[in-house]
Each structure stands twice: as structure tokens, then as C-alpha cells.
Amino acid sequence: MTNPVVAVLGTGTMGAGMVRSLRRAGIPVRMWNRAAEKAQALTDTGAEAFGSPAEAVAGADVVLTMLFDADAVIDVVRQAAAPAGTTWLQCSTVGVEGVERTIAAATELGLVLVDCPVLGTKEPAEKGALVLLASGPEQTREQLAPVFDALGSKTLWLGEAGAGSRLKLACNAWLFMITAGTAQSIALARGLGVDPQHFLSAIEGGPLDTPYAHVKGANMISGQFPVSFGLTGAAKDARLIRAALQTAGIADRLDAAVLETMDAAARTLPDPGAVDLSALIIGLTDRS
Ligand code: NAP
């Protein structure tokens with residue numbers, strides 16, 4: 001199997017980790033990022049940094065987008081103007097309405113869209129341990145196999161483009177419930193005068209346990225929130241989930257409570273973009 005040349009557009013938290021994983025597997029990478037220094041910082045991997053999306057996609061077999069939202073994705077893909085027939089591996093989280101717009105953009109530009117949001121955060125991106133929620137034409141599977149092997153521990157092929165973005169929302173809704181639940185139990189333990197570490201010890205190894213509670217819970221207890229999944233991006237996804245719940249005719253009150261908590265935390269922080277999602281605990285404990 002030959003390695004395709006991959007153009008990575010967007011080397012933020014996730015895109016940077018994905019570049020490292022692709023390069024470790026020997027896949028040639030051309031890359032572009034709006035803030036050029038983030039792409040430059042990855043050239044030690046052997047990936048080449050370019051000054052525009054169009055330069056980055058020149059000669060690439062696969063265009064991989066890992067950008068903030070649907071507006072950024074569509075804008076950058078238009079600027080890239082890859083030749084018709086190029087495979088477009090769209091990994092950003094764009095939601096239901098966003099994926100419909102990416103499908104329309106792919107049709108208009110003649111690109112072969114594989115809608116493929118990912119599960120996993122900064123560390124799995126760096127380690128090549130993401131879960132890939134792929135949806136799109138069968139004909140791309142062979143070409144993408146080495147890319148998926150490099151990026152992920154598991155790939156689900158889900159059918160027509162759009163299915164991946166739909167499943168991603170269901171997965172992130174679960175992630176937000178775990179995170180918000182962890183925050184509430186830690187805040188409650190503290191509020192009742194109990195060491196919150198005892199809450200994590202109580203669930204450890206039992207049927208109520210999940211590794212995520214320990215990772216996010218450690219941040220919440222220490223009050224240190226280094227970005228793995230940024231609070232601003234998480235709030236963007238909570239809004240996408242709310243819209244999807246409304247579209248599906250399902251009550252949005254659980255997601256609304258999480259979103260309200262994220263927004264309350266963001267209002268008290270000088271730079272909500274610079275903290276992790278786990279900082280949502282501030283929205284439970286700060287009453288300002
Ligand atoms: P991030 O670190 O904030 O990176 C966002 C990227 O989008 C950066 O490259 C940023 O460029 C670029 N960008 C934003 N607005 C843009 C615009 N208008 N035009 C061009 N580029 C723009 O976010 P991330 O955590 O890597 O997330 C990227 C995507 O993956 C998002 O859709 C997110 O929901 C999804 N995701 C994240 C995680 C996670 O745990 N972090 C997990 C799964 C999926 P600059 O550097 O110039 O700002």
C-alpha cells in the first residue's frame with residue numbers, strides 16, 4: 001500500500017498531534033495554519049509548512065481539515081482550491097447543519113468528501129490513538145487506510161457522508177455529561193466539607209468509574225486547566241448538540257444546563273480559549 005501525500009489544513013491542538021502521528025508513520029505531510037508559527041513549530045517532524053492553503057494542497061492526494069468550525073472549514077477549503085477528484089478528509093466537528101454545508105461545498109468543488117470527525121483529545125491525537133468516525137464513498141477506503149492507521153486506534157465506517165458528524169454529536173453529548181457530572185460531584189463534595197479526592201477514590205475501579213472522570217477531575221481539584229479540549233470549542237460543540245436535539249425533536253434541557261455552566265465559567269475567565277473544558281467547574285462554584 002502506498003502512502004498518500006496529505007495536506008493538513010489547521011495545526012491547532014488536534015491538527016498538530018495528527019501531523020506528528022502521520023509523520024511517525026512516514027506519511028508525507030504538507031501543512032498550513034492561519035497563525036503560521038504553529039505550522040512552523042512542526043517542521044522538525046519533516047512536515048513542510050506553507051504560506052497559504054493553496055500552496056499546501058498542491059500535489060497532495062488527501063486534504064485533511066482540522067479547523068475550529070464549519071465556517072472556517074469551508075472558507076479554507078475554498079481558498080485551497082484542490083483539483084477536482086481530490087479526497088477531502090474533513091475531521092473538524094461541524095454538527096448537522098455544518099456537515100450539510102460541507103457536503104454542498106464538496107459537490108460544488110468536485111472534491112470526494114469523507115466526513116470523519118474524531119474521538120479523542122490532544123494526547124490521543126499525538127499518539128495516533130484517535131477513534132475515526134468515517135463516512136463517505138467506499139472508493140476512498142484503500143487510499144485512506146494508511147492515514148487512518150497512523151491517526152487512530154479504531155475506524156468506524158458509518159455509511160454516507162454526514163453519518164460521522166451525526167454520531168460525533170451523540171458521543172460529545174456523552175462526554176459533556178461525564179465532565180459536568182464529575183464537576184458537580186467534586187463541587188458538591190467540597191461544598192459538604194468532604195475531600196473531593198475521596199469521590200474519585202470511591203468510584204475508582206467500580207461500575208461507575210470512567211478514566212475521563214479522573215483526568216478531568218484531577219484538573220478540577222487542582223484548579224489547573226491546561227488545554228486538551230478547549231472550553232471555547234466545547235461550548236461550540238454544546239451549541240451544535242442543542243441544535244441537533246431540537247432538529248431530532250428531543251428535549252435539550254440536559255445539554256442546555258451544561259452549556260449554561262460552560263458559559264457561566266467563560267464569563268469569569270480572562271481568556272476562555274486558553275483553558276480546558278474541565279474549567280466548567282468554575283460555572284458551578286462562582287456565583288458572580
Ligand atoms: P484549536 O486548537 O482551537 O485549533 C483550531 C484551529 O482552527 C487552529 O488551527 C485555528 O487557527 C483554526 N481556525 C479557527 N478559525 C479559523 C478561521 N476563521 N480561518 C482559518 N483557520 C481558523 O482547536 P482543536 O482542539 O485543535 O480543535 C479542532 C477541531 O477538532 C474542532 O472542530 C474541535 O471541535 C475538534 N475536536 C477537538 C478535540 C479536542 O479534544 N481538542 C477533540 C475532537 C475534535 P489559528 O491557530 O490561526 O487560530
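Residues numbered from 1 in each chain as written. Predicted model: local features only at pLDDT ≥ 70, side-chain atom pairs only at ≥ 80, totals over all residues. Heavy atoms only, no water.

A.B. asks: Would you mind showing me how to read the overall build of the protein here?
C.D. replies: Helix and strand counts for the protein stand at 13 helices and 9 strands. Against the 2.2 N^0.38 benchmark of 19 Å for 288 residues, the protein shows a C-alpha radius of gyration of 19 Å, consistent with a compact globule. Here the C-alpha coordinates of the protein stretch approximately 60 × 45 × 35 Å along the principal axes. For the protein, buried positions account for 49% of its 288 residues. By sequence separation, contacts in the protein at least 24 residues apart represent 64% of the contacts at least 6 residues apart. (Helix = DSSP H or I, 4+ residues; strand = E, 2+ residues; numbered from the N terminus. Rg over C-alpha atoms; globule rule 2.2 N^0.38 Å. Buried < 20%, exposed > 50% of the residue type's maximum accessible area, 1.4 Å probe, protein only. Contact = heavy atoms within 4.5 Å.)

A.B. asks: What should I look at first to understand the domain arrangement of the protein in this one?
C.D. replies: It is common to give the size of an interface as the accessible area that goes away when the parts come together. Segmentation of the protein into domains returns domain 1 (6–160) and domain 2 (166–285). Computed from C-alpha atoms alone, the centre-to-centre distance between domain 1 and domain 2 is 27 Å. With 17 residues of domain 1 at the interface, the matching set in domain 2 holds 14 residues. Carbon and sulfur atoms supply 69% of the area buried between domain 1 and domain 2, which totals about 1200 Å² over both sides. It is Phe 68, Thr 93 and Val 96 that lose the most area in domain 1 upon contact with domain 2, and together they represent 39% of the buried surface on that side. At the junction of domain 1 and domain 2, the tally comes to 1 salt bridge. (Domains from an automatic or database assignment. Buried area = accessible area lost by both parts, 1.4 Å probe. Salt bridge = Lys/Arg side-chain N within 4 Å of Asp/Glu carboxyl O.)

A.B. asks: I would appreciate a short explanation of the packing of helix H1 (residues 13–24) against helix H7 (residues 141–151) in the present structure.
C.D. replies: Two quantities define a packed helix pair, namely the angle between the axes and the distance from one axis to the other. Put simply, H1 and H7 touch, their axes get as near as 8 Å, and they point 115 degrees apart. The angle between H1 and H7 falls in the class roughly perpendicular. Considering how the two elements wind past one another, H1 and H7 form a crossing that is right-handed. Together, Met 18, Ser 21 and Leu 22 of H1 and Val 147, Ala 150 and Leu 151 of H7 make up the contact between the two elements. Across the contact of H1 with H7, the residue classes break down as 5 nonpolar, 1 polar and no charged. (Axes fitted to C-alpha atoms, helices over the stretch in contact; angles between N-to-C directions. Parallel < 35°, antiparallel > 145°, perpendicular 65-115°, else oblique. Left-handed = near helix turned anticlockwise from the far one by under 90°. Nonpolar A, V, L, I, M, F, W, Y, C, P; charged D, E, K, R; others polar.)

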